[in-house]
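Coordinates in review
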Amino acid sequence: MQEDGLPAGQPGAAAASAPPAAPAPEWPNKESSYELTTRIGHGAFATVHKAVIKEGAKAGAEVAVKIIELEEFADSSLEEIRRELQMMRMCRHENVIAYHVAFPAKRQMWLVMPLLAGGSCANVMRSRQATGGFEDESIVAYILRETAKAIKWISMTTCRYTGISRLATSS
């Protein structure tokens, strides 16, 4: 007799001892799981979209999806993207953007990230500029203080986010 009460070699004995199925990933890792709704930003090699998750545990949640066009990069740059993704995965600080999941889709890399409801810092600054600038300097102080916290944290850890290091070396 086995622990489950079934005689050895009986039908059902193997199924009873089979390991449980692996849990589904928390964040879907295929493009068909996301509905891109609005383009919210772009750069030379990537576009950022607001998206809704269509399936899984997070169905209905809004996220940002950064789509990087991989054909635009040389092979050496692809290695740099891989390293940057590894660093972003390790960098966990409230003022450093993280990503939930990254996966290839056709000739693109999709990064699923939190959707920042207020937009980027640049968006906030542009909207204030259109209305006459920052009347309340406490907003500027807040942005600078929180940015300084992130830079200090990055400099004190083994995390070296290339976006910041480029800023530091370009001047």
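Structure shown above.
The structure contained in this document is the topic of the report that follows. (Residues numbered from 1 in each chain as written. Predicted model: local features only at pLDDT ≥ 70, side-chain atom pairs only at ≥ 80, totals over all residues. Heavy atoms only, no water.)

1. Digging into the nonpolar core
Our working definition: Here, nonpolar core refers to any group of buried Ala, Val, Leu, Ile, Met, Phe, Trp, Tyr and Cys residues whose side-chain atoms link them within 4.5 Å. The buried label goes to any residue with under 20% of its type's maximum accessible area, the exposed label to any with over 50%, and the partly exposed label to all in between, with areas taken from a 1.4 Å probe on protein chains only. Comment: elements are numbered from the N terminus, with helices defined as DSSP H or I runs of at least four residues and strands as E runs of at least two. In this analysis, two residues are considered to be in contact whenever any of their non-hydrogen atoms come within 4.5 Å of each other.
With twelve residues, the main nonpolar core is built from Trp 27, Tyr 34, Ala 51, Ile 53, Val 63, Val 65, Ile 67, Val 101, Phe 103, Ala 105, Trp 110 and Val 112. Looking at this core, the elements with two or more residues in it are strand S2 (46-53), strand S3 (62-69), strand S4 (101-105) and strand S5 (108-114). With residues near it in sequence (within four places) discarded, Ala 105 still touches Glu 31 and Trp 110. By size, the runner-up hydrophobic cluster in this structure holds nine residues, among which are Ile 81, Leu 85, Met 88 and Met 109.

2. Some details on the side chain of Gln 108
We apply this condition: Under the rule applied, a polar contact is a pair of N or O atoms within 3.5 Å (in protein, one hydrogen donor and one hydrogen acceptor; residues adjacent in sequence only if both atoms are side-chain atoms).
When you line up the elements, Gln 108 lands in strand S5. Taking relative accessible area as the criterion, Gln 108 reaches 18% and is therefore assigned buried. Within polar-contact distance, the side chain of Gln 108 engages the side chain of Trp 110 at 3.0 Å. Those residues in contact with Gln 108 that sit more than four places away from it in its chain are Ile 67, Ile 68, Glu 69, Leu 70 and Phe 103.

3. Describing the pattern of salt bridges
Spelled out, the test is: The salt bridge definition used is simple: a Lys or Arg side-chain nitrogen within 4 Å of an Asp or Glu carboxyl oxygen.
Per the counting criterion, the structure on display carries seven salt bridges. Across the salt bridge formed by Glu 26 and Lys 58, the nearest N and O atoms sit 3.2 Å from each other. With Glu 26 in the loop between helix H1 (13-17) and strand S1 (34-42) and Lys 58 in the loop between S2 and S3, the pair connects residues that are 32 residues apart, well separated along the chain. Its relative accessible area of 48% is what places Glu 26 among the partly exposed residues. Accessibility expressed as a relative area gives 25% for Lys 58, which makes it partly exposed. Here Glu 146 ties to Lys 149 by a salt bridge, and the two come within 3.0 Å at their closest N and O atoms. Here Lys 149 and Glu 146 lie together in helix H4 (residues 137-156), a separation of three residues that amounts to about one turn. Judged by relative accessible area, which is 12%, Glu 146 ranks as buried. Through salt bridges with shared partners, a single ionic network connects Arg 145, Glu 146 and Lys 149.

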